[in-house]
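Survey of secondary and tertiary structure
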Amino acid sequence: MYAVIKTGGKQYRVASGEKIKVEQIAADVGQEIVIDQVLAVGNGAELKVGTPLVSGATVKATVVAHGKHDKVRIFKMRRRKHYQKRQGHRQQFTELQIGAIAA
């Protein structure tokens, strides 16, 4: 069984037992959260798609860790203008362990 969930402005296809990294969620490590924005639920050949959400469907997940992704380096340059700008960014994430999917 799998589900397509929406969190942090992005969509993820998740199955029970998977670990995923999502945009940072304000929850403590070890805390169980319930994601109720489920866009689709599939079980084998059967697929239930919501308009836009599947009513009554939830995904339970446990917060495993918080962290930062690798640094993304931004470099801007204008040739012959003596302009160079360096910038870096590390996006924060929350790692989730997917538990039960209830449709």
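Residues numbered from 1 in each chain as written. Predicted model: local features only at pLDDT ≥ 70, side-chain atom pairs only at ≥ 80, totals over all residues. Heavy atoms only, no water.

The name an unreviewed UniProt entry assigns to the chain is Large ribosomal subunit protein bL21, from the organism Paenacidovorax monticola. The UniProt entry for the chain carries the following text under Sequence similarities (unreviewed entry): "Belongs to the bacterial ribosomal protein bL21 family." (UniProt positions renumbered as here; feature names shortened; annotations may be inferred.)

**Points about unusual backbone geometry**
Residue proline 52 is bonded to the preceding threonine 51 through a cis peptide linkage, with omega at -5°. Here proline 52 shows up in the loop between strand E6 (46-49) and strand E7 (58-68). Unlike most non-glycine residues, arginine 80 shows phi in positive territory, near 65°. Given the relative accessible area of 71%, arginine 80 is considered exposed. Positioned with a positive phi, histidine 82 is a non-glycine residue whose angle comes to about 55°. Within the secondary structure, histidine 82 sits in the loop between strand E8 (72-78) and strand E9 (83-89). (Helix = DSSP H or I, 4+ residues; strand = E, 2+ residues; numbered from the N terminus. Buried < 20%, exposed > 50% of the residue type's maximum accessible area, 1.4 Å probe, protein only.)

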